[in-house]
Every structure is written in structure tokens, then in C-alpha cells.
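Chain and residue survey
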Amino acid sequence: MSSADFATRSPFVHQGIRQVVRDITPSQIREVAHLGMGRKNVVPLWFGEPDQPTPEFIRKAAMDALAAGDTFYQPNAGIAPLREALAGYMNRLYQTALSPDNVIVTVSGLNAIMVTLQAVLGAGDHLVTTAPIWPNIVAIPRVLGADVSTVPLRADGEKGGWQLDLDALFAACGANTKVILLNTPNNPTGWMMPADDQARLVEFADKHGIWIIADEVYARLVYNGQDCAPSFVPLMTENRRIMVINSFSKAWAMTGWRLGWITAPAAITGELEKLMEFNVSCPAGFIQQAGIVALRDGEDFVVSSRNRYARSRKVLVERLSNMPRIMLPEAEAAFYAFFKVEGVSDTLSFAKNLLLDEGIGLAPGEAFGPEGTGYIRACYAVSEARIHQAMDGLERFLARN
């Protein structure tokens, strides 16, 4: 039963729910996925996750921890060995000098977003972000009673990729703006904020007392020969209002494990630790043990996965570029193609029909806000064979529609 059906059958109960929650649109990505789950011969490119399971050596670390009885409550901030490993990982990646006191372990990147926003954003406050954007980033501040403004990323025909007008982002901020939240590298567009723009943004935020919260869960999925995307982590100081969110989900193929972390000034991690208690208490100990092993032994897997995605990316770009009615802006990072289909405005219906007719599961652009109208998202963290299968089906569908 959908939420709308339930509201019709139980109006008295439904009207007791806060209006801001009732106004949230259920995930359109899930709507397509639920239509396809259980069907045979479906190529599911709807979610942002790899088609390969977590590496065996990471799974074994969790199994060993379970066998040893690691089933008890853990510290709200995460176990000390994982916080130490995360600080060391970021120091190696970004040439920083972070300590474990700068790290809070979370139950996923999503939990990290909720905790950081709960810490600094209240009812009537204002948050600015970009769009198209993962819908959770807009929904969470609204659930907290805050106002949200979005600044569009635009597909630049001359430069080939997605661009952000930084002055427009600044102009969207006002006296009650408490947070600028950026997802870079970006879901769904693959846009990546240049380091020079990050420095300009930090200068602006310092001047106006605004928090920067950077969702960097796709930091390792870049295709320009670098190990990572430009990050706000090197710009952090103990006196700057910057928090950075990351996750094990994408780089280590650990989407179902729900393990992430927050990097923040040490002076405020105690406040975040309190909020962890009220949200989820703590991540499971055996999962944290797996995280330690992922950081210690997983670099080869990160690199090989990125190379694999790069090959699938090349195939997908070539196939889409040769199709009529397709406009594909260049994506610098993450593992998505976000492309426009000429003549299509209702991409939810398009995605459902494509699924039912050809067994190809893609995400509708409207799921990422009005700025995504007319676009479709395909995750290419899959084999080249699956990409070809999906593109064959899309070609046939476009020829008929």
C-alpha cells in the first residue's frame, strides 16, 4: 500500500503527521526499482551501487569479528582503532594532520548528513545547495523545519560539462543562511567543484559565518588520473565552520553495510557524538572492524574498481553519443551518466515504460528536483556487458517511442 492509499483510508491518523513530512515526495527511484524487483532479466542501473559484492577480505573481517563475539554496544563516536585509521587514511590522501578527535563514525553517509544538520540547522534557518541533487539532501533540512534554496548546475555546451555559477550561489545566501551543503563529486550529474572555487567558497563562508557541509562520498571516483577529487578536508581548521561527510559505500562496494564518517573540528565532535546517541547510538562493532580492514588492505580494490568503472563509462558515453535524441553533458566524477532525452518531459513514466518494455532500470531525472526534468540517470558501476545490454534495450525503446 502506498502512503497516498494509506492517507485515503486513514485520514484522521494521517493528518496527525507533520505537514512537512506529508509533503515529502516518496522516492521516484524506489518507485521504479520496486516495479522491477523480482522481474527476470532486468538490468538494474537505478541505484548508485556497484554490481559486485563487497570484497571477500572485508567480509571475512566482519565474519571473524562476529565469530569472536563482537555483538555489543560501541562508543557513540566509533571505536578508537577505526577513528585512528580514518584520520590516517585522510592524512595520506590529503596531506593533512588530522587526529582521531576530528572523526565521528556514523551509520552511513546519510546518517552523517542528518547528524551534521541537526547540529547546526534549526526551524526557520536557511540552507543553500545545488540542483539537480540527491533528493535526501533537500528533504532532511525541510524535515528539520529549515528553508532550502537550490542553485542550478547547468550543462555548458561550450565547456561540455556541468558548471556552477559561484556568484549565483553567493547571491542565494541571506542573513538567515546557516549552511551551504554541497555534494561534490555530485550525484546525479558527476559535477566536481574545482579547488579554486572551494577556496573562494570558504572565504565567503568565513566572512558570513556560514557552515559548509561537504558530502564527498564519491571522492575516490574520479577519471582524470588523480587519486581523489578536490576536497574541503585540506581547508579545514579548528576555527572554520566546515564539516565533511564520507562513506564506505561507493569506493569499497559497501553500500549495504551502512558505514560512514564525519570529519569536523575537534571542538565540536563531542556535540556530534551526543547526536549519534539520540539517532542510532553507534555503528555495529563487527562492521567497524570490517571498515578498518577496508582502509588497511583495500587500496588496490579502490583503484581496480575505478579502472573498471572507467571502462564501463567509456562504453556508455560512446553508446549514448551515437543515439539520436540524446544530450549527454560530460561528467567528471562519480559513476553516473545524467543524460537528456529530446521530447521527454515525464521521465518517471519514461523509466517505468522502459523497464516494462525492455527490462532496463534507470532513474528518472525528476527524482533529483525540477532541475532534473527531462533527464535520466544511469549508474555505470557495472560490467561492460551490462552496459551494452542496457544500451541495446534503450536504443530499441527510443526507436519505438
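Residues numbered from 1 in each chain as written. Predicted model: local features only at pLDDT ≥ 70, side-chain atom pairs only at ≥ 80, totals over all residues. Heavy atoms only, no water.

Looking now at the overall build of the chain. Summing up its helical and strand segments, the chain has 15 helices and 15 strands in all. Over its C-alpha trace the chain gives a radius of gyration of 21 Å, about what one expects of a compact globule, namely 21 Å for 401 residues. By its C-alpha atoms, the chain is 60 × 50 × 50 Å across when sized along the principal axes. Counting every position in the chain, which comprises 401 residues, the buried fraction comes to 53%. Looking at the chain alone, contacts between residues at least 24 apart form 73% of all its contacts between residues at least 6 apart. Averaging the coordinates of the 36 positive side-chain charges in the chain and doing the same for the 42 negative ones gives two points 4 Å apart. (Helix = DSSP H or I, 4+ residues; strand = E, 2+ residues; numbered from the N terminus. Rg over C-alpha atoms; globule rule 2.2 N^0.38 Å. Buried < 20%, exposed > 50% of the residue type's maximum accessible area, 1.4 Å probe, protein only. Contact = heavy atoms within 4.5 Å. Lys, Arg positive; Asp, Glu negative; His and termini not counted. Charge placed at Lys NZ, Arg CZ, Asp CG, Glu CD.)

Right, let's get into the pairing of strand β10 (residues 260-263). Neither face of β10 is left uncovered, since the one carrying G260 and I262 and the one carrying W261 and T263 both have all their residues buried. Two elements, strand β2 (residues 103-106) and β10, share four bridges in a ladder whose sense is antiparallel. What sits directly across from T106, in β10, is G260. Strand direction decides the pairing type here: strand β9 (residues 242-247) and β10, joined by four bridges, are antiparallel. Bridge assignment links N246 to a residue of β10, and that residue is W261. (Pairing = 2+ DSSP bridges.)

Relative to each other, helix α4 (residues 28-36) and helix α14 (residues 347-358) sit at 15°, their axes nearing to 10 Å. Classified by the angle between their axes, α4 and α14 sit roughly parallel to one another. In this structure, α4 crosses over α14, and the sense of that crossing is right-handed. Side by side, α4 and α14 meet where Q28, E31, V32, L35 and G36 of the first sit next to L348, A351, K352, L355 and L356 of the second. (Axes fitted to C-alpha atoms, helices over the stretch in contact; angles between N-to-C directions. Parallel < 35°, antiparallel > 145°, perpendicular 65-115°, else oblique. Left-handed = near helix turned anticlockwise from the far one by under 90°.)

Taking 1.5 Å per residue as the helical rise, α14 with its twelve residues ought to reach 16 Å, and the 16 Å between its terminal C-alpha atoms agrees with that figure. Within the span of α14, buried status applies to T347, L348, F350, A351, L354, L355 and E358. The arc that holds every buried residue of α14, seen down its axis, measures 165°, which confines them to one face. Each element contacted by the buried residues of α14 is listed here: α4, β12 (336-341), β13 (360-361), β14 (363-364), β15 (375-379) and α15 (384-400). The backbone nitrogen of L348 has a side-chain oxygen 3.3 Å away, supplied by the residue at the start of α14, namely D346. Trailing α14 by a residue or two, G359 shows a phi angle of about 70°, which is positive. (Expected span 1.5 Å × (residues − 1). Arc of directions from axis to C-beta. Polar contact = N/O pair within 3.5 Å; in protein donor to acceptor, adjacent residues only side chain to side chain.)

When their charged atoms lie close together, side chains carrying opposite charge are able to pair. Tallied over the full model, the rule gives 16 salt bridges. K314 is paired through a salt bridge with E318; the nearest N and O atoms lie 2.7 Å apart. One end of the pair is K314 and the other is E318, both in helix α13 (residues 299-321) and four residues apart, which spans about a single turn. The class for E318 is partly exposed, based on a relative accessible area of 39%. Each of the salt bridges in this network shares a partner with another, and the network as a whole consists of R319, D392 and E395. (Salt bridge = Lys/Arg side-chain N within 4 Å of Asp/Glu carboxyl O.)

Right, let's talk about the sheet that holds strand β3 (residues 126-131) for a bit. With respect to topology, seven strands assemble into an open sheet ordered β2-β10-β9-β8-β7-β3-β4, the strand pairing being mixed. Lying at the two open borders of the sheet, with one neighbouring strand each, are β2 and β4 (147-152). The average undirected angle you get between the axes of adjacent strands in this sheet is 20°. Packing against the sheet, helix α11 (residues 266-279) makes contact with β2, β8 (211-215), β9 and β10, and its axis sits at approximately 15° to β2.

Here we take up the packing of aromatic side chains. Throughout the structure, instances matching the rule amount to 16 aromatic pairs. Considering the side-chain rings of Y89 and W261, the 6.2 Å spacing of their centres and the 85° angle between planes classify their relative orientation as edge-to-face. Highlighted residues: Y89 in helix α6 (residues 80-94) and W261 in strand β10, separated in sequence by 172 residues. No difference in accessibility class separates Y89 from W261, as the two residues are buried. Pairing F248 with W252 gives two aromatic rings, centres 5.1 Å apart and planes at 40°, and the pair type is tilted. For F248, a relative accessible area of 0% puts it in the buried group. We classify W252 as buried; its relative accessible area is 2%. Here the aromatic residues Y89, F248, W252 and W261 are joined through ring pairs into a cluster of three or more. (Phe/Tyr/Trp six-rings, centres within 6.5 Å; stacked < 30°, edge-to-face > 60°.)

This part covers α11. One turn of the α-helix equals 3.6 residues, which is why residues spaced by three or four share an orientation. The end-to-end C-alpha separation of α11 is 20 Å, in line with the 20 Å expected for 14 residues at 1.5 Å each. Within α11, the full set of buried residues consists of T269, L272, L275 and M276. The buried residues of α11 occupy an angular sector of 115° when projected down its axis, which confines them to one face. Exposed and oriented more than 90 degrees from the buried face of α11 are A267 and F278. Where α11 is buried, its residues touch β2, α7 (108-120), β9 and β10. In the stretch just after α11, S281 is the one whose phi turns positive, near 70°.

These figures capture arrangement, not role.
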